[in-house]
Amino acid sequence: MNRTMRAVAALLLLVLFPAAGAAAHRSCTRPAPPLTALTGHLDITQVLIGSLDGRKIVISAGSEGTVRVWDAATLRPAGVPMPGRAPIAYASPYLLITDGAQDGGVRTVDLRHPALTGLTLEVSLHEDRPRLVVGELDGTAVTTGGGDEIGLFDLATGRPVGTALPTGGSPVAILSLDGVPVMIVEAEAELVVWNLRTREKLGRTLALRSRPEPPNTMAAEVTTIDGRPSVLLPTHDRGVLAWDLLSREWRTAVDVTEALKGDSSAMATHRGTSVLLRLEEQPGAGEDLDLDGHEDRSRITAWDPVRGTGRTFFDVPGHVTTLAAEGSLVVTGGADNALRSFDLDTGRAVAVAHGSSADRMTRLVPAGHLAVTIRDVGGWQVVDPATGESVGEPVSPDAGVRAIAADATTVVTGGGAFSPVVRVWDLRTRRERGRPLHGFSSHVGQVALSDELIIAAGDGGKRDTVRFWDRAGRVAHPALRLPGRLRDLGVARLHGKPVALAMGRSAIWVIDLATGTRTGSLAFGPRHGYDGPGELGSMVVGSVGCVPIAVFELDGTGLVINLATGRPLRAPFDLKAESQWIELGLSGGLLTVADRETRMVHAVFDIMTGQLLAAPWV
């Protein structure tokens with residue numbers, strides 16, 4: 001622990017908790033055991049469909065660093081999560097996983113014996129368009145990844161197959177063309193077909209820069225149009241272009257609405273007809289956003305590449321970024337952490353597997369078994385914290401909601417500049433209890449709930465004001481003027497007494513809720529042995545097991561305090577924050593770190609050990 005953190009810990013012990021030596025609550029002397037992994041995916045980045053021993057399976061990769069196998073019919077787990085990241089590929093029974101521990105390394109897993117140590121292939125990946133492609137070369141299952149050198153590897157032995165292609169680039173597909181095994185490669189804004197037996201170019205190349213907007217080769221699909229092998233290349237705004245692999249000519253296969261960029265297409269079968277599935281933009285969908293700030297629904301369209309006409313579409317109740325299909329089965333994944341399957345012939349949902357709720361901790365306020373959140377378009381919404389899905393209709397008061405707090409029966413909201421009041425709501429009925437609570441002149445920035453009181457802070461200027469009401473809406477204490485602006489507000493119990501922790505820019509004030517008076521403070525600065533600016537950025541109050549804790553962010557470092565003893569629960573640790581303004585979330589022993597403006601999670605930690613469990617940007 002460095003000098004700064006020692007000073008912080010000592011001050012917390014001496015100033016905030018003068019009775020730290022007193023006996024802690026007996027029920028809160030043992031913390032929960034450390035966590036070792038997240039539960040479920042944290043942003044699904046790729047999905048695949050395949051078969052194993054005659055049964056259909058789904059394979060998914062997530063940003064939290066696991067690859068998972070599911071039963072395709074039910075989306076129930078088949079086996080245990082495996083470490084690794086996208087890109088992934090599958091050629092039964094071999095699953096290829098990008099090894100997060102090795103830069104550019106690719107590991108094979110024989111899904112018939114997943115517990116056995118697989119092979120590590122020296123497959124390089126294209127820096128801008130990382131993609132693994134599998135196929136067959138003269139009866140041998142092979143893979144390649146691209147990059148500066150494109151080599152082929154035998155999936156069974158892990159050994160290189162022949163010499164590398166005399167080119168770099170990003171592989172698109174491996175297939176047989178008139179009995180000749182070929183690989184299609186995107187290199188220097190061109191599509192090139194290589195003969196895999198001779199390692200020579202086959203026919204003329206295709207320049208991609210000749211189009212107004214280059215086609216999306218990451219979403220390329222190989223199919224047959226009018227009996228001729230073709231590559232379908234989606235564009236963002238010009239529909240899907242088809243490249244005839246025999247004549248090397250363009251044709252417009254589908255004229256469709258604007259599609260999303262990325263790996264967001266797949267070939268499927270709709271009532272006996274081969275179709276191209278695309279993830280499309282929806283004008284106006286951004287008016288209603290999910291908890292991650294994304295459009296809360298996605299549309300997938302199915303187009304006949306022969307006729308150039310749409311056949312069907314269906315909407316997905318979540319933010320989709322990747323999809324896969326086999327026959328009429330369609331599987332989607334995305335930033336809402338949910339894996340979903342659909343029957344394309346009927347458009348009906350088949351199954352869903354919800355992933356981790358970790359990235360919702362910074363957006364959801366616990367309310368018993370439910371949670372509440374502030375809607376980006378105003379008002380508030382009850383949410384199932386396990387799935388992130390809305391429960392009932394949103395509550396939309398006349399004025400927008402600026403701050404929110406809740407417990408198992410009550411929701412309290414604070415309004416902004418247009419309505420500087422506090423409102424109290426019944427969680428079950430979603431109806432307001434009594435009249436709004438007045439007292440603020442400009443805005444309400446923070447609200448909190450204790451067992452007995454409603455606490456709110458606001459009005460701004462150089463000093464914030466804290467006001468107190470009982471649960472019936474009567475004034476409980478005189479207004480308390482703080483010596484600075486308030487950034488965060490939380491409620492805890494210290495030695496059996498309810499207190500509010502009010503965090504300013506460089507100080508934490510302790511307020512006795514029984515009297516409404518300030519009883520302690522912690523200021524950071526040179527006179528306290530701190531040699532930095534001492535700026536506090538965020539605070540979260542909660543518990544780990546039976547241990548009440550508070551986590552403070554100080555210049556990008558996390559400080560965890562056991563509120564029952566006043567002592568640090570563990571050593572300070574780097575929060576890996578990408579943004580200067582971060583927001584913390586805490587639930588079930590997991591600590592999330594998110595950007596305060598976008599509320600996108602950057603990292604997830606085991607609060608007991610400080611272990612970094614997920615860093616989605618990696």
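Reading the values: rules and limits
- Residues numbered from 1 in each chain as written.
- Predicted model: local features only at pLDDT ≥ 70, side-chain atom pairs only at ≥ 80, totals over all residues.
- Heavy atoms only, no water.
- Helix = DSSP H or I, 4+ residues; strand = E, 2+ residues; numbered from the N terminus.
- Buried < 20%, exposed > 50% of the residue type's maximum accessible area, 1.4 Å probe, protein only.
- Contact = heavy atoms within 4.5 Å.
- Areas by Shrake-Rupley, 256 points an atom, 1.4 Å probe, with all protein chains shown as cover.
- Core = buried A, V, L, I, M, F, W, Y, C linked by side-chain atoms within 4.5 Å.
- Polar contact = N/O pair within 3.5 Å; in protein donor to acceptor, adjacent residues only side chain to side chain.
- Patch = residues over 30% accessible without salt bridge, like charges linked within 9 Å, V, L, I, M, F, W, Y side chains within 5 Å.
- Salt bridge = Lys/Arg side-chain N within 4 Å of Asp/Glu carboxyl O.
- Lys, Arg positive; Asp, Glu negative; His and termini not counted.
- Charge placed at Lys NZ, Arg CZ, Asp CG, Glu CD.
- Phe/Tyr/Trp six-rings, centres within 6.5 Å; stacked < 30°, edge-to-face > 60°.
- Pairing = 2+ DSSP bridges.
- Axes fitted to C-alpha atoms, helices over the stretch in contact; angles between N-to-C directions.
- pLDDT = per-residue confidence, 0-100.

Engineer: Describe in detail the overall build of the protein, supporting the description with residues and values.
Structural biologist: Check the secondary structure of the protein and you find one helix and 50 strands. By the burial criterion, 55% of the 618 residues in the protein qualify as buried. Pairs at least 24 residues apart make up 42% of the contacts formed inside the protein by residues separated by at least 6 positions. Summed over all atoms, the accessible surface of the protein reaches about 26800 Å², with 49% contributed by carbon and sulfur.

Engineer: Account for the nonpolar core, naming residues and giving values.
Structural biologist: The tendency in soluble globular proteins is for nonpolar side chains to be buried as a group. Counting residues in hydrophobic clusters, the biggest one holds 17 residues, and the most contacted among them are Ile549, Val551, Leu575, Leu584, Leu591 and Ile607. Taken together, the elements giving at least two residues each to this core come down to strand E43 (536-544), strand E44 (547-554), strand E47 (582-587), strand E48 (590-595) and strand E49 (601-606). Discounting residues that sit within four places of it in the chain, Leu575 has contacts with Glu553, Gly556, Thr557, Gly558, Ile582, Leu584, Leu591, Val593, Ala603 and Phe605. Counting 16 residues, the second-largest nonpolar core is a separate cluster that includes Ile455, Leu482, Leu486 and Leu513.

Engineer: Pulling in residues and values, what's your account of the side chain of Arg107?
Structural biologist: Position of Arg107 among the secondary structure elements: in strand E7 (residues 106-110). In this structure the side chain of Arg107 is engaged in a polar contact, spanning 2.6 Å, whose partner is the backbone oxygen of Pro83. Here Arg107 is in contact with Pro83, Leu95, Leu96, Ile97, Asp99, Leu119 and Thr120, once residues within four sequence places are set aside.

Engineer: Just give me the short version of a negative patch on the surface, but keep the residues and values in it.
Structural biologist: Residues Glu127, Asp128, Asp148 and Glu149 make up a contiguous surface patch of negative charge. Within the element layout of this structure, Glu149 appears in the loop between strand E10 (140-144) and strand E11 (153-154). Residue class for Glu149 comes out exposed when judged on its relative accessible area of 53%.

Engineer: Summarise the packing of aromatic side chains; cite the residues concerned and give the values.
Structural biologist: The tally for this structure, following the rule as stated, stands at four aromatic pairs. An angle of 55° between the planes, with centres 5.1 Å apart, marks the rings of Phe573 and Phe605 as tilted. Here Phe605 lies in strand E49 and Phe573 lies in strand E46 (residues 573-574), a separation of 32 residues in the sequence. Residue classification places Phe573 among the buried positions, given a relative accessible area of 7%.

Engineer: Can you lay out the sheet that holds strand E6 (residues 94-98) for me, pointing to particular residues and giving the numbers?
Structural biologist: Taken in spatial order, the four strands of this open sheet run E5-E6-E7-E8, and their pairing is antiparallel. On the outer flanks of this sheet lie strand E5 (85-91) and strand E8 (120-121), each paired with one strand and no other. The pairing of E7 with E8 spans two bridges and is classified as antiparallel. Within the sheet, the bridge partner assigned to Arg107 lies in E8 and is Thr120.

Engineer: Give me the lowdown on the sheet that holds strand E35 (residues 444-449), citing residues and values where you can.
Structural biologist: Sheet strands pair by backbone hydrogen bonding; their relative direction is either parallel or antiparallel. Spatially, E35-E36-E37-E38 is the arrangement adopted by the four strands of the open sheet, whose pairing is antiparallel. In the strand order of this sheet, the two ends are held by E35 and strand E38 (475-481), each with one partner. Averaged over all pairs of adjacent strands, the angle between strand axes in this sheet comes to 15°, irrespective of strand direction. Relative to strand E37 (residues 465-470), strand E36 (residues 453-458) runs antiparallel, the two being bridged by six bridges. Within E37, the residue paired with Ala457 across the bridge is Val466.

Engineer: Account for the pattern of salt bridges, naming residues and giving values.
Structural biologist: When the charged atoms of two side chains with opposite charge come close together, those side chains can pair. For the coordinates displayed, the defined rule picks out 18 salt bridges. Residue Arg228 is joined to Asp244 by a salt bridge in which the shortest nitrogen-to-oxygen separation is 2.6 Å. Highlighted residues: Arg228 in strand E18 (residues 228-234) and Asp244 in strand E19 (residues 240-244), separated in sequence by 16 residues. Members of the salt-bridge network, linked through shared partners, are Asp336, Arg340 and Glu389.

Engineer: Can you break down the environment of Ile225 residue by residue, with the values?
Structural biologist: Of note, Ile225 is situated in strand E17 (residues 221-225). Taking the C-alpha atoms as reference points, Ile225 and Asp304, separated by 79 residues in sequence, lie 9.6 Å from one another. Once residues lying within four places of it in the same chain are set aside, the contact partners of Ile225 are Ser230, Leu232, Ala242, Arg251, Pro305 and Val306.

Engineer: Just give me the short version of the environment of Glu122, but keep the residues and values in it.
Structural biologist: Turning to its location among the elements, Glu122 is positioned in the loop between E8 and strand E9 (133-137). Between the C-alpha atoms of Glu122 and Arg107, which are 15 residues apart in sequence, the distance is 8.9 Å.

Engineer: An account of unusual backbone geometry is requested, with residue identities and associated values reported.
Structural biologist: In this structure, Pro87 follows Ala86 across a cis peptide bond, with omega equal to 5°. You can see Pro87 is positioned in strand E5. Cis geometry is found at the peptide bond from Ser92 to Pro93, where omega equals 5°. Here Pro93 is to be found in the loop between E5 and E6. With a phi close to 50°, Asp138 is a non-glycine residue in the positive phi region. Among the structural elements, Asp138 can be located in the loop between E9 and E10.

Engineer: Can you explain the side chain of Glu535? Please cite residues and give values.
Structural biologist: Structurally, Glu535 is set in the loop between strand E42 (517-523) and E43. The residues touching Glu535, leaving out its near neighbours within four places in the chain, are Arg487, Arg505, Glu553, Leu554, Asp555 and Trp581.

Engineer: Tell me about the pairing of strand E13 (residues 180-187), and name the residues and values.
Structural biologist: Buried residues dominate E13, accounting for seven of its eight residues. Direction of pairing for strand E12 (residues 170-177) relative to E13: antiparallel, over a ladder of seven bridges. The residue of E13 that forms the bridge with Leu177 is Val180. Between E12 and E13, which pair antiparallel and follow one another directly, the connecting turn spans two residues, one of which, Asp178, has a positive phi of 55°. Across six bridges, E13 lies against strand E14 (residues 190-195) in antiparallel orientation. For Glu186, the partnering residue across the bridge sits in E14 and is Leu191. The turn linking E13 back onto E14 is made up of two residues, and Glu188 within it adopts a positive phi angle of 55°.

Engineer: Talk me through the confidence of the model for the protein; I want residue IDs and the actual numbers.
Structural biologist: On average, the protein scores 84 in pLDDT, and the residues at 70 or more come to 85%. Segment residues 3-15 is flagged for pLDDT under 50; beyond a separation of four residues in sequence, or across chains, it makes 30 contacts in the model. Scored below 50 in pLDDT, residues 17-29 shows 22 contacts in the model against residues more than four places distant or in partner chains.

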